[in-house]
Amino acid sequence: MIGSVVVVGASLAGMHAAHTLRAEGYGGGITVVDADGHLPYDKPPLSKQVLAGDWDVDRITLPAAREDLGLDYRLGRRAMGLDLADRFVRLDGGERVGFDGLVLAAGASARWLPGAPMLGGVHVVRSLDDCLGLREALDAGPARVVVIGAGFIGAEVAATCRGRGLEVTLLEAAATPLERALGPVIGGVMADLHRDHGVDLRLGVGVAGLDGTDRVEAVRLDDGSVIPAEVVVVGIGVTPNTGWLEGSGLELDDGVVTDDTLCAAPAVVAAGDIARWPSARYGERLRVEHWETAIQMGEAAARRLLADHDGRPVESFDPVPWFWSDQYDRKVQLAGRSSASDDLEIVVGSLEERRFVALYGRGGRVVGVLGMNRPRHVMALRELVTDGVDWPEGLARARAMA
Ligand SMILES: Cc1cc2nc3c(=O)[nH]c(=O)nc-3n(C[C@H](O)[C@H](O)[C@H](O)COP(=O)(O)OP(=O)(O)OC[C@H]3O[C@@H](n4cnc5c(N)ncnc54)[C@H](O)[C@@H]3O)c2cc1C
């Protein structure tokens, strides 16, 4: 039996792992380490309701953090190293925390603009402190907010800033927002959505640099134009938090590499945004940055850890990813994995009314179902992706629902 588990990362994946360990009857010690000093919280509202000022911070505390799970919290403490041979995690200050089982759930950090100076007024949105810092800057009523990157986080931040009545310029290097994930057609719908809400959307432009001495004053584009800005938000993706694991002996390659059961080494599992596992369903290693996947991984990783000790069957982890994004009054939901080169058919509603369901197809099969303000349809059609239904059959079944 394992006597002690250490969980590094007290966010979605780590807290679900801790909860599952208890739910499965594990009664030993669980030490939960997190560099963030706040009680564990949920992240999606950080670009939406909390940034808008509509929700109090108390509201985003994770349910598992409200329960008495008998956890030994080390909040505000950073894991600095891992010794696999002697099985301990080294914290800042030098303390060693030994383990019989380790859950790596340290997530990812927002990427900074390459080469850009650390000027006042430039923000990212990953942690609660990031969000509160940006919210305070927005409360001051800046003349213009420039958002760099029209991925999901940047697009949501732009929408929230418009909701607060601020002038917003949204910059994107690709030809449409979210093009790589959703393709040019749906990207075009997202572009029109932002423009119709008054966003100054600039597509196909790169950022050459930030101007300012202590505080940012303007964003310089590579086409030579300059956009004055009091507040800049950088939303250009994330990097998995694996720096502290370098030299530990774990395989690191855009995340902690695991087997198909989320095991990274004997007695070590990884879950959430930090983990990269081989998916038989997609025939490649995946690292997914979605809320639901982080929960599923936390739960599966905890069960995997216990399986070593109680002999329960080990499950292969291979779910269909699920994602949503809220922008203005539109909810986008995606089941599966879409890409710009997939076939695309609108099967319910229309792009013009911005209330539709689209199917993505690849290799003769349905690989994604995307809905805009069609939650009931997306839920019902999710099984087309789960079952890998043939493209013609998937189209017929989806159209029958219209
Ligand atoms: C602003 C925002 C909005 C989002 N909106 C959506 C959405 O609408 N829909 C959706 O599906 N997904 C959304 N997501 C994604 C989703 O929230 C993430 O996939 C999820 O939070 C990942 O959870 P995690 O536990 O793996 O990692 P994280 O949430 O990144 O947590 C990792 C934790 O590890 C800690 N940590 C890191 N390094 C160390 C270290 N060395 N020592 C100790 N602690 C460490 C960090 O402080 C952090 O608390 C959003 C994410 C963000 C940031």
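Residues numbered from 1 in each chain as written. Predicted model: local features only at pLDDT ≥ 70, side-chain atom pairs only at ≥ 80, totals over all residues. Heavy atoms only, no water.

A. Quick look at the domain arrangement of the chain. Domain annotation of the chain identifies domain 1 (4-109 + 238-310), domain 2 (112-234) and domain 3 (329-401). Computed over C-alpha atoms only, the centres of domain 1 and domain 2 are separated by 30 Å. Taking both partners together, domain 1 and domain 2 bury about 1,400 Å²; carbon and sulfur atoms supply 62% of that area. On the domain 1 side of the interface with domain 2, the three residues burying the most area are Leu 46, Ser 47 and Leu 51, jointly 41% of the side's total. Across the contact surface, domain 1 and domain 2 share 2 salt bridges. Notably, a salt bridge pairs Glu 156 with Lys 48, separated by 3.0 Å at the nearest N-O pair. Linking domain 1 with domain 2 are 9 residue pairs in polar contact (both at pLDDT 80 or more), by the criterion used here. Put simply, the parts of the chain that give the side of domain 1 that touches domain 2 at least two residues each are α2 (49-52) and β8 (108-110). It is α2 that provides the largest number of residues to the side of domain 1 that touches domain 2, a total of 3 residues. Classifying every residue of the side of domain 1 that touches domain 2 gives 10 nonpolar, 4 polar and 4 charged. (Domains from an automatic or database assignment. Buried area = accessible area lost by both parts, 1.4 Å probe. Salt bridge = Lys/Arg side-chain N within 4 Å of Asp/Glu carboxyl O. Polar contact = N/O pair within 3.5 Å; in protein donor to acceptor, adjacent residues only side chain to side chain. Helix = DSSP H or I, 4+ residues; strand = E, 2+ residues; numbered from the N terminus. Nonpolar A, V, L, I, M, F, W, Y, C, P; charged D, E, K, R; others polar.)

B. Structural detail: the sheet that holds strand β1 (residues 4-8). Judged by pairing direction, the sheet is mixed, and its 6 strands sit side by side in the order β3-β2-β1-β7-β20-β19 without closing on themselves. At either margin of the open sheet sits one strand with a lone partner, and together these are β3 (72-75) and β19 (263-265). The average angle at which neighbouring strand axes cross in this sheet is 20°, direction not considered. Relative to strand β2 (residues 29-34), β1 is paired through 5 bridges, and the arrangement is parallel. Bridge pairing in β2 places Val 6 opposite Thr 31. Against the sheet, helix α1 (residues 12-23) contacts β1, β2, β3 and β7 (101-104), and its axis sits at roughly 175° relative to β2. Where helix α7 (residues 291-310) meets the sheet, its contacts fall on β1, β7, β19 and β20 (268-270), and the angle it forms with β20 comes to roughly 165°. (Pairing = 2+ DSSP bridges. Axes fitted to C-alpha atoms, helices over the stretch in contact; angles between N-to-C directions. Contact = heavy atoms within 4.5 Å.)

C. How the structure looks around α7. Along its 20 residues, α7 runs 29 Å from first to last C-alpha, staying within 8% of the 28 Å computed at 1.5 Å per residue. Just downstream of α7, Gly 311 is the residue with a positive phi angle, here 75°. (Expected span 1.5 Å × (residues − 1).)

D. Local environment of the packing of helix α8 (residues 375-386) against helix α9 (residues 391-399). Packing of α8 against α9 brings their axes to within 11 Å, and their N-to-C directions diverge by 175°. One element, α8, and the other, α9, form an angle in the roughly antiparallel class. Contacts between α8 and α9 pair Leu 381, Glu 383 and Leu 384 from the former with Gly 394, Arg 397 and Ala 398 from the latter. Broken down by class, the residue content of the contact of α8 with α9 amounts to 3 nonpolar, 1 polar and 2 charged. (Parallel < 35°, antiparallel > 145°, perpendicular 65-115°, else oblique.)

E. View of the packing of aromatic side chains. Taken as a whole, this structure holds 3 aromatic pairs when the rule is applied. Ring geometry for Phe 152 and Phe 323: centres 4.2 Å apart, planes at 50°, overall tilted. In this pair, Phe 152 is assigned in helix α5 (residues 152-163) and Phe 323 in strand β23 (residues 322-327), connecting sequence segments 171 residues apart. Neither Phe 152 nor Phe 323 differs from the other in exposure class; each is buried. Between Trp 291 and Trp 324, the aromatic rings sit 5.5 Å apart at their centres with planes inclined by 85°, giving edge-to-face as the arrangement. Highlighted residues: Trp 291 in helix α7 and Trp 324 in strand β23, separated in sequence by 33 residues. Its relative accessible area of 32% is what places Trp 291 among the partly exposed residues. (Phe/Tyr/Trp six-rings, centres within 6.5 Å; stacked < 30°, edge-to-face > 60°. Buried < 20%, exposed > 50% of the residue type's maximum accessible area, 1.4 Å probe, protein only.)

F. Representation of the side chain of Ser 127 within the structure. When you line up the elements, Ser 127 lands in the loop between β9 (122-123) and α4 (128-139). A relative accessible area of 17% means that Ser 127 is categorised as buried.

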